[in-house]
Each structure stands twice: as structure tokens, then as C-alpha cells.
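Residue strings, one per chain:
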Amino acid sequence: MPIRPVLWVKESQPTIEGAGVHLHRAFGEPNAALDPFLLLDDFGSDDPADYVAGFPWHPHRGIETITYLLAGQVDHGDSLGNKGVIGPGDVQWMTAGGGIIHQEMPKAIAPMRGFQLWANLPAAHKMMRPRYRDVAAATIPLVEAGAGVQVRVVCGDVGGVRGPVTDIVTDPEYLDVRLAADAVFEHPLPAGKNGFAYVFEGGASFGDDGTKAERGRLVVFGDGDRARIAAGAKGARFLLVSGRPLKEPVAWGGPIVMNTREELMQAFEEYRNGTFIR
Ligand code: MN
């Protein structure tokens, strides 16, 4: 089984989003090696002024947004009447499908740390009925996957333990991997899928040639059928995410991602005239 090489490593970039949230963006544009994923934001600050402005009411269509909180709390409400709080260790896997209007408002509690990943939906599912998976921290299994290897399985399978999020169109895997100093993790990442890691603590060597990446770096894998990560002397913690590429045209306008410019224009017209929610 060939170990996947590393295609490139990129440092996440400071960005301001929503109503003035300071965050770091690992990626935020279509790329064949990251398909079906569109965006990964890294929220992390000890100063509520960086995030309390939040993300007031805005629409989504054609994608899934996956929020994973490590620290802090985010109030959530939407056009379907759903309301709730995302807390430390919780995941909200939201399938916007044909349309949702929501707000995501971090509370003024410090620190806040977490991530939001956007996964694209295929043309045949872009207008599917909106769906939420609210995953409480306690329901996410923690797997001891070898010496010094601990994995929280949000979605996917580690050593026969399945995460609580299932039946997602792009067959994704979403893992939070913690490695002790010098620990090594090898994990199947089947041929035909795309995958990446995002390091948020410590540092590690990735892939068949041991490409090094520290905290704040995105590591994009090339072809192969498994990933190999070897922690450095400080250990490492990273997201390991994979999914099946859609290989479809992308028409992207802010929070709405469709296949054609016409579909995008239609979505914004519907948002303006109040017919966005089906
Ligand atoms: Mn949103």
C-alpha cells in the first residue's frame, strides 16, 4: 500500500469574516486536490473582541458547513426555528442543501477555539432538504489507535469504531488526532479520495518523505491509499479530513456554492425577494 506523499504545505492566513471576526483561513477557494472541500477556517483567540461580532443572519445553499468547537460557546439559530448552543467538543454538521438562513454568534467567553469546514454538495444533492446533525461531545468516540495515538472520530472509521455522523453524500472522514511525542499514526485514506491535515498543536512529519509541518499549517496529500504522520518531539494535534471529489464546476458567491453562474444569480435573487427558503 503506497503512503500518500505531501503535495504542498501552506500556512493559514489572517482573515476577517462575518461581522468582523478575526480568524485564520487554511484554504478558501476551489482546488482539485481539496475537492469536495471548499474552505477551512481556524478560530482561535483569547480576546472576545476578535469574535463577538459573530456571523449574523446569512444564507447558505449548495454546501455543508461543519463546525467543531474546542473551547468557548457559539449560539446558533436558523430559519427553520432550530436554536442551540455549540459547546467545547461539540460538532454541528449542517447540510444547507436547498437553503437555510442562520446566525452563528460566539459568546463573549475566552478563549474560543474551533474550526469551520465547508464541504461541497454534488449537483444532484445541492437542493436537498436542509439537515442538521448536532453532535454532543460525549457521543464522539475517543479511540486509542496505537501507542501515543488518540483519535476523536467525528465521521469515519478508526480501528472499527465509527463516528456518529453517517450517511453524508461525499463519504467524508473527519478525525481529530492527538499524537504524543514521536508517536506514529498510519491510517487508510483510500485511493480516489482527497485528503488533508490541519495542524493546530505541536508539529509532525507527513507523508512518504516526512514533510514537516507545525501548528497553523495545512498539509495536502497526493495519491496513495494511506496517510502516515509521525509526531515531533512536542507531539502534535491535527484534523485529518478526507472525502470523495465531486469533479464538478463550481460557481461560488460568498455563502452560496452552486454549479453555474445562473444558479448562483437565481439564489441571490430568491434571497432578495424572500423566496430563498423552500
Ligand atoms: Mn454560516
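Residues numbered from 1 in each chain as written. Predicted model: local features only at pLDDT ≥ 70, side-chain atom pairs only at ≥ 80, totals over all residues. Heavy atoms only, no water.

S.K.: Hey, could you run me through the overall build of the protein in this one?
M.R.: Looking only at helices and strands, the protein features one helix and 24 strands. Scaling as 2.2 N^0.38, a compact globule of 278 residues should have a C-alpha radius of gyration of about 19 Å, and the protein matches this with 18 Å. Taken along the three principal axes of its C-alpha coordinates, the protein extends 55 × 40 × 35 Å. The buried share of the protein, taken over its 278 residues, is 54%. Intrachain contacts of the protein at a sequence separation of at least 6 include 72% that bridge at least 24 residues. Positive and negative charge centroids in the protein, built from 27 and 34 side chains respectively, lie 2 Å apart. (Helix = DSSP H or I, 4+ residues; strand = E, 2+ residues; numbered from the N terminus. Rg over C-alpha atoms; globule rule 2.2 N^0.38 Å. Buried < 20%, exposed > 50% of the residue type's maximum accessible area, 1.4 Å probe, protein only. Contact = heavy atoms within 4.5 Å. Lys, Arg positive; Asp, Glu negative; His and termini not counted. Charge placed at Lys NZ, Arg CZ, Asp CG, Glu CD.)

S.K.: Got a minute to help me understand the packing of aromatic side chains in this structure?
M.R.: Aromatic rings in a pair are described by how distant their centres are and how their planes are angled relative to each other. Evaluated as defined, the whole model comprises 12 aromatic pairs. Here F37 and F196 contribute two aromatic rings whose centre-to-centre distance is 5.7 Å and whose plane-to-plane angle is 85 degrees, an arrangement assigned as edge-to-face. Separated by 159 residues along the polypeptide, F37 in strand β4 (residues 37-45) and F196 in strand β19 (residues 194-206) bring together distant segments of the chain. In this structure F37 comes out as buried when scored by relative accessible area, which is 3%. Centroid distance F206 to F238: 5.7 Å. Interplanar angle 70 degrees. Geometry classified as edge-to-face. Of this pair, F206 sits in strand β19 while F238 sits in strand β22 (residues 226-243); the two residues are 32 residues apart in sequence, bridging distant segments of the chain. According to the relative accessible area criterion, F206 is buried, its value standing at 0%. You can call F238 buried: its relative accessible area is 0%. (Phe/Tyr/Trp six-rings, centres within 6.5 Å; stacked < 30°, edge-to-face > 60°.)

S.K.: Would you mind showing me how to read the pattern of salt bridges here?
M.R.: Any two side chains of opposite charge can pair, so long as their charged atoms come close to each other. With the rule as written, the count across this model stands at 15 salt bridges. Across the salt bridge formed by R237 and E201, the nearest N and O atoms sit 3.6 Å from each other. Of this pair, R237 sits in strand β22 while E201 sits in strand β19; the two residues are 36 residues apart in sequence, bridging distant segments of the chain. On the basis of relative accessibility, which here comes to 12%, the residue R237 falls in the buried class. (Salt bridge = Lys/Arg side-chain N within 4 Å of Asp/Glu carboxyl O.)

S.K.: Explain the sheet that holds strand β6 (residues 63-71) here, please?
M.R.: In a beta sheet, neighbouring strands pair by backbone hydrogen bonds and run either parallel or antiparallel. One open sheet holds the seven strands; their spatial order is β2-β3-β4-β11-β6-β9-β12, and the pairing between them is antiparallel. Strands at the two margins of the open sheet, each flanked by one partner only, are β2 (13-17) and β12 (131-135). Here the strands of the sheet are splayed against their neighbours by 20 degrees on average, with no regard to which way each runs. (Pairing = 2+ DSSP bridges. Axes fitted to C-alpha atoms, helices over the stretch in contact; angles between N-to-C directions.)

S.K.: When you look at unusual backbone geometry in this model, what are you seeing that I'm missing?
M.R.: Geometrically, the link from D35 to P36 is a cis peptide bond, its omega value of 20 degrees lying close to zero. Relative to the helices and strands, P36 resides in the loop between β3 (21-27) and β4. Residue P111 is reached from A110 by a cis peptide bond, and omega for that bond is -5 degrees. Mapped onto the fold, P111 is located in the loop between β10 (100-106) and β11 (112-120). Phi at D182 takes a positive value of approximately 70 degrees, unusual for a residue other than glycine. By secondary structure assignment, the location of D182 is in the loop between β17 (173-179) and β18 (184-188). The class of D182 is exposed, set by a relative accessible area of 56%. Of note, K247 is a non-glycine position whose phi angle comes to about 55 degrees, a positive value. Positionally, K247 belongs in the loop between β22 and β23 (251-253). Given a relative accessible area of 70%, K247 falls into the exposed group.

S.K.: Would you explain the pairing of strand β21 (residues 217-221) in this entry?
M.R.: Within a regular strand, side chains alternate between the sheet's two faces. Judged by how many residues are buried, β21 sits mostly within the fold: four of five residues are covered. With five bridges joining them, strand β1 (residues 6-11) and β21 adopt antiparallel strand pairing. Its bridge partner lying in β21, W8 is registered against V220.

S.K.: Looking at this structure, I do not really get helix α1 (residues 261-273). What am I missing?
M.R.: Three or four residues apart is the spacing at which side chains of an α-helix point the same way, because the helix has 3.6 residues per turn. End to end, α1 covers 18 Å across 13 residues, agreeing with the expected 18 Å (1.5 Å per residue, within 8%). All of the buried residues in α1 are L264, A267 and E270. Mapping the buried residues of α1 onto a view down its axis gives an arc of 125 degrees, with all of them on the same face. In α1, those exposed residues whose orientation departs by more than 90 degrees from the buried face are R261, E262 and R272. Structurally, α1 contributes buried residues whose contacts are with β23 and β24 (256-258). Taken from the residues just after α1, G274 is the one with a positive phi, measuring 85 degrees. (Expected span 1.5 Å × (residues − 1). Arc of directions from axis to C-beta.)

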